[in-house]
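Below are the chains, spelled out letter by letter.
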Amino acid sequence: MAGVMDSVNQLTELVGQNRMELLLFRLSGRRQRYGINVFKVREVLPCPRLTVMPKLHKYVIGVAHSRGQTLSVIDLANAIGGRPTPSENYEKSYVIIAEYNRSTHAFLVSNVERIMNINWSKIMPPPKGAGHSNYMTAVTEIDNELVEILDVEKILVEISPNEAPISTDVIEKAQETSQRLADHLKVLIADDSKVALAQVTKALTAIGVDLIKANDGKEAYEILCELAEKGPIKDQIALVISDVEMPEMDGYTLCASIRQNPALKDLYVILHTSLSGVFNQSLVSKVGANAFIPKFNPDELANAVEKGIDLVTSGESGQNHQMS
């Protein structure tokens, strides 16, 4: 397994090239192959000894100790609606230790295969008939076989819902700033996760911001280009908030494309992503983002939007793409 993780290298070279490295794995009782972005993976280990504790969530099979941390181990097969992994199979299984939304999680899988370097244009949204109950955030084809890229954020929200409201003082301050926006100025959000899109929508609606929603970077870029044809983009869009991991066009490439387009280049762009911990902010700077915030803290999001609106309405944003 060390050989799999040893192949994770030079991730900075992927930034702005619309490429990602996908770790392929399988789950107990399923022939389907699944994938997770290597950016989120810290390591892959044979399943360690598990300690069963009372009142664990039904998807959590126990806790394990790894590198000084105590981690809840989530049975991924069970979490996405399959049968629980038989306990006698644990010692033959692996755990993928990954970072999402500022915390570390361990996911039980039956085996881990290899890492594939893939262009995001080859990664497509889930089929329209998949319904809202599925756990796919995207799909791709490898070796003539469909690979599902899981919406891990949805799984984690089901296990531990993030219901933290925006602080009253943050709402009041952000509302005061957003009131300076002209009626026709909107904020564009791009995110392929329905859970994340709903979280952002709830937070920004609370501070009085009008939204335009896109399900991936390609759709967001097409919307911006169409609006730019109607008139100056600064008279229509206050700022852009984009996820990083999205099918067809990722957030890095969206930001880089905005900077390369003369009609869009001065837009204020916030990258909002679950890629935390292993994430290097210099990668964001490389594509010219104005700010980066890890998911999901509603106060931080509202403050970042308030700051962006303040700079935009005061005419100070320009091309000074500084990290927050």
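Analysis parameters
- Residues numbered from 1 in each chain as written.
- Predicted model: local features only at pLDDT ≥ 70, side-chain atom pairs only at ≥ 80, totals over all residues.
- Heavy atoms only, no water.
- Helix = DSSP H or I, 4+ residues; strand = E, 2+ residues; numbered from the N terminus.
- Buried < 20%, exposed > 50% of the residue type's maximum accessible area, 1.4 Å probe, protein only.
- Polar contact = N/O pair within 3.5 Å; in protein donor to acceptor, adjacent residues only side chain to side chain.
- Contact = heavy atoms within 4.5 Å.
- pLDDT = per-residue confidence, 0-100.
- Axes fitted to C-alpha atoms, helices over the stretch in contact; angles between N-to-C directions.
- Parallel < 35°, antiparallel > 145°, perpendicular 65-115°, else oblique.
- Left-handed = near helix turned anticlockwise from the far one by under 90°.
- Salt bridge = Lys/Arg side-chain N within 4 Å of Asp/Glu carboxyl O.
- Pairing = 2+ DSSP bridges.
- Right-handed = clockwise from strand over helix to strand, strands pointing away.

(A) Geometry of the side chain of H105. With respect to the element layout, H105 can be found in strand β7 (residues 103-109). Accessibility expressed as a relative area gives 16% for H105, which makes it buried. Looking at H105, its side chain comes within polar contact range of the side chain of S103, at 2.8 Å. Those residues in contact with H105, other than ones at most four positions away along the chain, are I96, I97, A98, Y100 and L156.

(B) Region of the structure containing unusual backbone geometry. Of note, the bond from K295 into F296 is cis; its omega dihedral lies within 30 degrees of zero at -25°. Here F296 is to be found in the loop between β15 (291-294) and α9 (298-314). The backbone phi angle of K55 is positive, close to 65°, even though this residue is not glycine. For K55, the position within the fold is in the loop between β3 (41-46) and β4 (60-66). Residue R67 is not a glycine yet carries a positive backbone phi of 50°. Relative to the helices and strands, R67 resides in the loop between β4 and β5 (69-75).

(C) Representation of the confidence of the model for the protein chain in the model. When pLDDT is averaged across the protein chain, the result is 83; 86% of the residues are at 70 or more. The secondary-structure element of the protein chain with the lowest mean pLDDT is helix α1 (residues 2-6), recorded at 41, while helix α6 (residues 217-230) shows the highest, at 95. For the stretch residues 1-16, pLDDT sits under 50, and the model shows 32 contacts to residues farther than four places along the chain or on other chains. Taken together, the stretch residues 319-324 has pLDDT below 50 and engages in 23 contacts with residues farther than four places along the chain or on a different chain.

(D) Main features of the packing of α6 against helix α7 (residues 251-260). At a minimum axis separation of 9 Å, α6 and α7 run at an interaxial angle of 20°. In this view, α6 runs roughly parallel relative to α7, as classed from their interaxial angle. Seen along the crossing, α6 lies across α7 with a hand that is right-handed. Along the contact surface, α6 presents G217, A220, Y221 and L224, while α7 presents L254, S257 and I258.

(E) Highlighting the pattern of salt bridges. Tallying each qualifying case throughout the model produces 14 salt bridges. Salt-bridge contacts for E113 lead to R26; the nearest nitrogen and oxygen are separated by 2.6 Å. With E113 in strand β8 (residues 111-119) and R26 in strand β1 (residues 19-26), this pair connects stretches of sequence that are 87 residues apart. Linking E145 and R26 is a salt bridge whose minimum nitrogen-to-oxygen distance equals 3.6 Å. With E145 in strand β10 (residues 145-150) and R26 in strand β1, this pair connects stretches of sequence that are 119 residues apart. The class of E145 is partly exposed, set by a relative accessible area of 25%. One network of salt bridges, with partners in common, ties together R26, R33, E113, R114, D143 and E145.

(F) Inspection of the pairing of strand β12 (residues 211-214) at higher detail. The sheet contact formed by strand β11 (residues 186-190) and β12 spans four bridges and is parallel. Pairing of I189 across the sheet is with K213, part of β12. In terms of handedness, the path from β11 via helix α5 (residues 194-206) over to β12 forms a crossover that is right-handed.

(G) Structural context of the environment of I171. Mapped onto the secondary structure, I171 falls in helix α4 (residues 168-178). For I171 and G208, which are 37 residues apart along the polypeptide, the C-alpha to C-alpha distance reads 8.9 Å. If we ignore the near neighbours within four places in the chain, the residues touching I171 are I166, A206 and I207.

(H) Local environment of the sheet that holds β10. Spatially, the five strands line up as an open sheet ordered β8-β1-β2-β10-β9, and their pairing is mixed. For this open sheet the edge positions go to β8 and β9 (136-142), each flanked by a neighbour on one side alone. For this sheet, the mean angle separating the axes of adjacent strands, direction not counted, is 35°. The sheet contact formed by strand β2 (residues 33-37) and β10 spans three bridges and is parallel. Residue pairing across strands places G35 opposite I149, the latter belonging to β10.

(I) Up close: the pairing of strand β14 (residues 268-273). Summarising burial for β14: six of the six residues are buried, a large majority. Going residue by residue along β14, you find Y268, I270 and H272 tucked away on one face and V269, L271 and T273 tucked away on the opposite face as well. Sheet topology note: the strand β13 (residues 237-242)/β14 ladder contains four bridges and is parallel. Of the residues in β14, the one forming a bridge with I241 is I270. As for the winding sense of the linkage, the β-α-β connection from β13 through α7 to β14 is right-handed.

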